[in-house]
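Now for the letters of each chain:
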There are 2 protein chains.
Amino acid sequence: MSQQALHFDIVGVIESPYKEKFATPRQPNLVQDAHARIKIQPAYNKLEAFYGLESFSHIWLMFLFSQTADKGWKPLVRPPRLGGNNKLGVFATRSTFRPNPVGLSAVKLESISQENNQIYINVSGIDLIDNTPIIDIKPYITYSDSIPNATSSYAQDKQKGFDKVEIAPEIEAILEQDVHSLNFIKQTLIQDPRPAYKRNKPDEKVYGSELGAYNVKWQVKENTCYIINLVKL
Amino acid sequence: MSQQALHFDIVGVIESPYKEKFATPRQPNLVQDAHARIKIQPAYNKLEAFYGLESFSHIWLMFLFSQTADKGWKPLVRPPRLGGNNKLGVFATRSTFRPNPVGLSAVKLESISQENNQIYINVSGIDLIDNTPIIDIKPYITYSDSIPNATSSYAQDKQKGFDKVEIAPEIEAILEQDVHSLNFIKQTLIQDPRPAYKRNKPDEKVYGSELGAYNVKWQVKENTCYIINLVKL
């Protein structure tokens, strides 16, 4: 039974505003304005296969950790939440270095659209990097999937991010016509994407994040994130 | 990217009291006394790989629909919840006939045990048939996985089962020393495992269900389930 090759097929590929691991949220639903769409592969590009899905507010995405899939698994990993100092068993984490490199995210379903016969599943609150392959889409069944009183060890609550994100008016003006990108950038940065060991220490580094159509530079002072530059890509 | 063969490995195999599809709950957490254990495969039989998992109350099981995996997928399926009359897109359902035959269940984690060097993950509230292959175990992260206000179309609430399950004292006596099995059988049958078209109609059929160590025969009258025979296997 073990070591069996199971043939899995890619159902779709996500088009996401997150282009790299840095600054991509570590769980879904942290950045409401993180919009993305799944481009359905030709074999599944049939509207009937999605008939009825729009009556669900949320969906599960099962996806491949395509950036780390060829690196194999480790029995022990260092969850970022624990500052990178403590090791836990890989099955006690959502680490990408697992026996089968499959991830799981519940995201908001915005709509299903069709352009020139190509179906897109439009979602928000995503934590997936651009081009991540999706292997399944399932409806979120609230009565069995939602367990509000479950206890989740070190990940019980959202990680505390920055207190606020500040942006000078002249920089914000670049986004005047693009409120959605402004919200998306602010919501993403307020999570504090830095490695955990940088927290609660003086940090003068200038960070750069490619977020959607913008290259954003930012610095940290007293747990506030200051956006110091913004360039349209 | 499509049609790519992805090599997946079996992490463990579940030992479940449900031996066949009939009477197996259609979602997890419906039958609290449905206890099972996952026997970890040799390649992953290392306690360290599970270190820290016991601090989570619930876990995700990703598993293969091994009984239907060779039957392929269908764009449209008939969810049992809709009485078998209405078709929905496969991605709007948890049907087993999907492009990648992978299922997803959140179950209660009871304990992790070791017997003669073999690791078992003990769980409850399961909806998996005996021998189902598990391909991943992930901790349930309450703040991102639990979305209590999500709306779930036709599956918003649990399906209404029988009003009660009755068992004659002389039959119940067979289980006198086995309260757990009694609870498990009653909780399973009260879901009403019959096909949806049998509901709310006169039904004189004698049903047989193999539940754990027992073969149970039952009949229905006015939305009560009567256990009429119980034989230890």
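So, how was this worked out
Residues numbered from 1 in each chain as written. Chains lettered and ligands numbered in written order. Predicted model: local features only at pLDDT ≥ 70, side-chain atom pairs only at ≥ 80, totals over all residues. Heavy atoms only, no water. UniProt positions renumbered as here; feature names shortened; annotations may be inferred. Pairing = 2+ DSSP bridges. Helix = DSSP H or I, 4+ residues; strand = E, 2+ residues; numbered from the N terminus. Axes fitted to C-alpha atoms, helices over the stretch in contact; angles between N-to-C directions. Core = buried A, V, L, I, M, F, W, Y, C linked by side-chain atoms within 4.5 Å. Buried < 20%, exposed > 50% of the residue type's maximum accessible area, 1.4 Å probe, protein only. Contact = heavy atoms within 4.5 Å. Buried area = accessible area lost by both parts, 1.4 Å probe. Salt bridge = Lys/Arg side-chain N within 4 Å of Asp/Glu carboxyl O. Phe/Tyr/Trp six-rings, centres within 6.5 Å; stacked < 30°, edge-to-face > 60°. Arc of directions from axis to C-beta. Least-squares fit on C-alpha atoms with pLDDT ≥ 70 in both. Domains from an automatic or database assignment.

Under the annotation held in an unreviewed UniProt entry, chain A carries the name tRNA (Adenine(37)-N6)-methyltransferase and is attributed to Catenovulum maritimum. You can read under Sequence similarities (unreviewed entry) in the UniProt record for chain A the words "Belongs to the tRNA methyltransferase O family."

### Observations concerning the sheet that holds strand E11 (residues 214–221) of chain B
Residues and elements named next belong to chain B. Pairing in this open sheet of four strands is mixed, and the strands run E9-E12-E11-E10 from one edge to the other. With one partner strand each, in any of the chains shown, strand E9 (164–167) and strand E10 (207–211) form the two edges of the open sheet. If you compare each strand with its neighbour and ignore which way they point, the axes differ by 35° on average. Here E11 pairs with strand E12 (residues 224–232) via eight bridges, running antiparallel. The residue bridging Asn215 from the neighbouring strand is Val231, located in E12.

### Some details on the nonpolar core
Ranked by internal contacts, the top residues of the largest apolar core, which has 56 residues, are Phe50, Ile121, Ile137 and Ile185 of chain B. If we ignore the near neighbours within four places in the chain, the residues touching Ile185 of chain B are Leu175, Leu211, Tyr214, Val216, Ile227 and Leu230 of chain B. If you look at the next biggest cluster of nonpolar residues, it comprises 50 residues, including Ile14, Ala23, Phe162 and Leu182 of chain A.

### Observations concerning the interface of chain B and chain A
The partner chain A presents 78 residues to the 78 residues of chain B that form the contact. Of the roughly 7200 Å² buried where chain B meets chain A, counting both sides, 61% is carbon and sulfur surface. Three residues stand out in chain B for area buried against chain A, namely Phe8, Phe91 and Tyr143 of chain B, and they jointly supply 12% of the buried area on that side. Taken together, the connections running from chain B to chain A amount to four salt bridges.

### A look at the sheet that holds strand E6 (residues 102–115) of chain A
All names here are of chain A. If you walk around this closed barrel you meet the six strands as E1-E2-E7-E6-E3-E8, and the pairing is antiparallel. Strand-to-strand twist of the sheet, defined as the mean angle between neighbouring strand axes without regard to direction, takes the value 45°. In this structure, E6 lies alongside strand E7 (residues 118–124), joined through seven bridges in antiparallel fashion. In the sheet register, Leu109 faces E7, and the bridge partner there is Val123.

### A word on the packing of aromatic side chains
Here the structure, examined in full by the defined rule, presents 22 aromatic pairs over all chains. When the centroid spacing of 6.2 Å and the interplanar angle of 5° are considered together, the rings of Phe22 of chain B and Trp218 of chain B count as stacked. Taken together, the residues span a long stretch of sequence, with Phe22 of chain B in the loop between strand E1 (12–15) and strand E2 (35–40) and Trp218 of chain B in strand E11 at a distance of 196 residues. Taken together, Phe22, Phe162, Tyr207 and Trp218 of chain A form an aromatic cluster joined through their ring pairs.

### Things to note about helix H3 (residues 179–189) of chain A
All names here are of chain A. Among all positions of H3, only Ser181, Leu182, Phe184, Ile185, Thr188 and Leu189 are buried. One face of H3 carries all of its buried residues, which in axial projection span an arc of 165°. Against strand E9 (164–167), helix H2 (169–172), strand E10 (207–211), strand E11 (214–221) and strand E12 (224–232) lie the buried residues of H3.

### Quick notes on the relation of the copies chain B and chain A
The transformation that overlays chain B on chain A combines an axial shift of 0.0 Å with a rotation of 180°, and the residual RMSD is 0.0 Å. The superposition operator between the copies reduces to a two-fold rotation axis. The rotation axis passes nearest to the C-alpha of Ser146 of chain B in chain B, at a distance of 2.1 Å. In this assembly the copies share their binding face: 100% of the residues contributing to the interface of chain B also contribute to that of chain A.

### So, unusual backbone geometry
Negative phi characterises most residues that are not glycine, and trans characterises most peptide bonds. All names here are of chain A. Phi is positive for Asn117, close to 75°, though the residue is something other than glycine. Among the secondary structure elements, Asn117 is positioned in the loop between E6 and E7. Phi at Asn200 is positive, roughly 55°, even though this residue is not glycine. When its relative accessible area of 80% is taken as the criterion, Asn200 is described as exposed.

### What to know about the pattern of salt bridges
Residue and element names in this part refer to chain A. Taken as a whole and assessed by the stated rule, the structure comprises 24 salt bridges over all chains. The residue Lys160 makes a salt bridge to Asp163 at a minimum N-O spacing of 2.9 Å. Overall, Lys160 belongs to the exposed group, its relative accessible area being 56%. A salt bridge links Arg199 to Asp192, with the shortest nitrogen-to-oxygen separation between them at 4.0 Å. Taken together, the shared-partner salt bridges connect Asp192, Arg194, Arg199 and Asp203 into one network.

### What to know about the pairing of E2 of chain B
All names here are of chain B. Burial of E2 is one-sided: the residues Ala36, Ile38 and Ile40 facing one way are buried, the residues His35, Arg37 and Lys39 facing the other way are not. Judged from the four bridges that link them, E1 and E2 form a sheet pairing that is antiparallel. Residue pairing for E2: Glu15 is matched across the bridge by Arg37. With five bridges joining them, E2 and strand E7 (residues 118–124) adopt antiparallel strand pairing.

### Looking at the domain arrangement of chain A
All names here are of chain A. According to the domain assignment, chain A consists of domain 1 (12–145) and domain 2 (164–232). Between domain 1 and domain 2, the C-alpha centre-to-centre distance is 24 Å. In total, domain 1 and domain 2 occlude about 1300 Å² of area from one another, counting both sides; carbon and sulfur atoms represent 59% of this. Ranking the residues of domain 1 by area buried against domain 2 places Phe22, Ala23 and Asp33 at the top, with a combined share of 40%. At the surface where domain 1 touches domain 2, the tally comes to zero salt bridges.

### Examining the pairing of strand E8 (residues 133–139) of chain B
All names here are of chain B. Of all seven residues making up E8, seven are buried, and the element is well covered by its neighbours. Two strands pair when backbone bridges link them, and strand E3 (residues 58–64) and E8 are joined in this way by five bridges, in the antiparallel orientation. For Phe63, the partnering residue across the bridge sits in E8 and is Ile134.

### Some remarks on the environment of Leu128 of chain B
Residues and elements named next belong to chain B. Following the sequence through the fold, Leu128 ends up in the loop between E7 and E8. Residues Leu128 and Glu15, 113 residues apart in the sequence, show an inter-C-alpha distance of 9.0 Å. Sequence-distant contacts of Leu128, defined by excluding residues within four places in its chain, comprise Ile14, Ser16, Tyr18, Thr24, Leu61, Phe63, Ser105 and Ile134.

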